[in-house]
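Descriptive structure summary
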Amino acid sequence: LIFDCDGVIIETEELHRLAYNAAFKSADLQVGDEPVVWTVEYYDVLQNTVGGGKNKMFFHFRNTTGAFPTFSEEGETKSAPQTQDEQQ
C-alpha cells in the first residue's frame, strides 16, 4: 500500500472542477448575465497558477472577469464579498 498526496494516486482535479461548477450553478452565480462556469481548459490553467479554492475564486473574479459575481439567496440577488473583511 502506497500513501501519497491528493492527485498523485488518483487524479481528482476534474472532480474539483465539477464540484465548483455545481456549487456555482446551485447558487445561481453570475457575472453580468452570464453564469460562472469553469471549462476544462480554463481550470487547467487556473490549477497550475493558483493554489487553494478561495484563492482560485479570488484570482478568477479579480483577474479573469474583472468583476465579482452576484448570487441568489432566499430569492434575493446579492453581491459576493470582494475582500476578507466583507466575508465576516
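The structure under discussion appears in the preceding block.
Residues numbered from 1 in each chain as written. Predicted model: local features only at pLDDT ≥ 70, side-chain atom pairs only at ≥ 80, totals over all residues. Heavy atoms only, no water.

**Comments concerning unusual backbone geometry**
Keep this limit in mind: Going along the chain from the N terminus, every DSSP run of H or I of four or more residues is numbered as a helix, and every run of E of two or more is numbered as a strand. Remark: exposure states derive from per-residue accessible area (1.4 Å probe, protein chains only) relative to the maximum for the residue type, with buried under 20%, exposed over 50%, and partly exposed in between.
Despite not being glycine, aspartate 28 shows a phi value in the positive range, around 55°. For aspartate 28, the location among the structural elements is in the loop between helix H1 (13-26) and strand E1 (30-31). Residue class for aspartate 28 comes out partly exposed when judged on its relative accessible area of 37%.

**So, the pattern of salt bridges**
For the record, the criterion: We define a salt bridge as a side-chain nitrogen of Lys or Arg found within 4 Å of a carboxyl oxygen belonging to Asp or Glu.
Throughout the structure, instances matching the rule amount to 1 salt bridge. Linking arginine 17 and glutamate 14 is a salt bridge whose minimum nitrogen-to-oxygen distance equals 2.7 Å. Of the two residues, arginine 17 and glutamate 14 both sit in helix H1, 3 residues apart, roughly one turn of that helix. On the accessibility criterion, glutamate 14 (34% relative accessible area) is partly exposed.

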